[in-house]
Amino acid sequence: MRPYCPQCHYPEKTCLCEHIHMTSTALEVLIIQHPKEANHAKNTAKLVALSIPSTSIVNAHNVEAMTALSSRNDLATTLLVYPNDNSVPVEALSETAKQDISTVILIDGSWKQAFGIVKQHPWLQALTSVHFASAPGSTYAIRHTSLSHALSTLEATAYSLATLDNAEVSALYKLQGAMQAQWQGPKGHLRSI
């Protein structure tokens, strides 16, 4: 078994500790993660949690954790980053509406997995949903997708925090870049960006 770093929990050969810099935000970040994403080497939700102390990652199939999450989120102060027929552009929210937000929820998984998670938990459907109208293109190359507008969970988190909280998020993008530079997976997983 290969040795892992006790801090970042990546293999020692690809340790990211020197690249982790804290990102400050007044918002709580909740990432609901499909279980299939948790152990992926290319999982960017893990990078978010390493950089933002107010981040919690909840396994979508953990009934107890999801029930607790549903009971503590206030409809008036929680946003769900999830494009759907009722979502509004995050960029269009007024400054007053942004100031009322205390929690941002993101779904970590494929589009199909995210759809299933939202459908399975009606309380998520009751939250105000936002989508991105003018997010920058993705620079995340170690994943398969045919959608040109798809972002990694880290990129979606960074854009949400920059837009909602004027947070300085360059450290997040740099950490994702460092993870990609050290990634030792098959070249077939790379996509052109």
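Everything below is about the structure printed above this text.
Residues numbered from 1 in each chain as written. Predicted model: local features only at pLDDT ≥ 70, side-chain atom pairs only at ≥ 80, totals over all residues. Heavy atoms only, no water.

A. The nonpolar core, seen in detail. In terms of nonpolar packing, the biggest core is built from 34 residues, with Leu 16 and Leu 47 touching the most fellow members. Within the residue set of this core, elements represented by two or more residues are strand E1 (28–33), helix H1 (45–51), strand E3 (78–81), strand E5 (103–108), helix H6 (153–165) and helix H7 (170–182). Sort the elements by how many residues they give to this core and H6 lands first, with six residues. Setting aside chain neighbours within four positions, we find Leu 47 in contact with Tyr 10, Leu 16, Leu 154, Leu 175, Gln 176 and Met 179. Residues Leu 30, Ile 105, Trp 123 and Leu 124 belong to the second largest nonpolar core, which totals 16 residues. (Core = buried A, V, L, I, M, F, W, Y, C linked by side-chain atoms within 4.5 Å. Buried < 20%, exposed > 50% of the residue type's maximum accessible area, 1.4 Å probe, protein only. Helix = DSSP H or I, 4+ residues; strand = E, 2+ residues; numbered from the N terminus. Contact = heavy atoms within 4.5 Å.)

B. Local environment of the sheet that holds strand E4 (residues 88–89). The strand order E2-E1-E5-E3-E6-E4 describes an open sheet built from six strands, whose pairing is parallel. Looking at the sheet topology across the chains shown, the edges are occupied by strand E2 (55–59) and E4. Its contacts with the sheet place helix H2 (residues 63–72) against E1 and E2, and it is angled at close to 145° to E1. (Pairing = 2+ DSSP bridges. Axes fitted to C-alpha atoms, helices over the stretch in contact; angles between N-to-C directions.)

C. Just the environment of Trp 183, in detail. As for its position among the elements, Trp 183 is in the segment after H7. On the accessibility criterion, Trp 183 (17% relative accessible area) is buried. Residues Trp 183 and Ala 41, 142 residues apart in the sequence, show an inter-C-alpha distance of 8.1 Å.

D. Highlighting the environment of Leu 30. Mapped onto the fold, Leu 30 is located in strand E1. Here Leu 30 falls in the buried class, since its relative accessible area comes to 0%. A sequence separation of 57 residues divides Leu 30 from Ser 87, and the C-alpha atoms of the two residues are 18 Å apart. Excluding residues within four positions of it along the chain, Leu 30 makes contact with Ser 56, Leu 69, Arg 72, Asn 73, Thr 103, Val 104, Ile 105 and Leu 106.

E. Expanded view of the packing of H6 against H7. Direction vectors running N to C along H6 and H7 enclose 170°, while the axes themselves pass 9 Å from each other. With respect to H7, the element H6 is oriented roughly antiparallel. Taken together, the residues of H7 that come into contact with H6 (itself represented by Leu 154, Glu 155, Ala 158 and Tyr 159) are Leu 172, Tyr 173 and Gln 176. (Parallel < 35°, antiparallel > 145°, perpendicular 65-115°, else oblique.)

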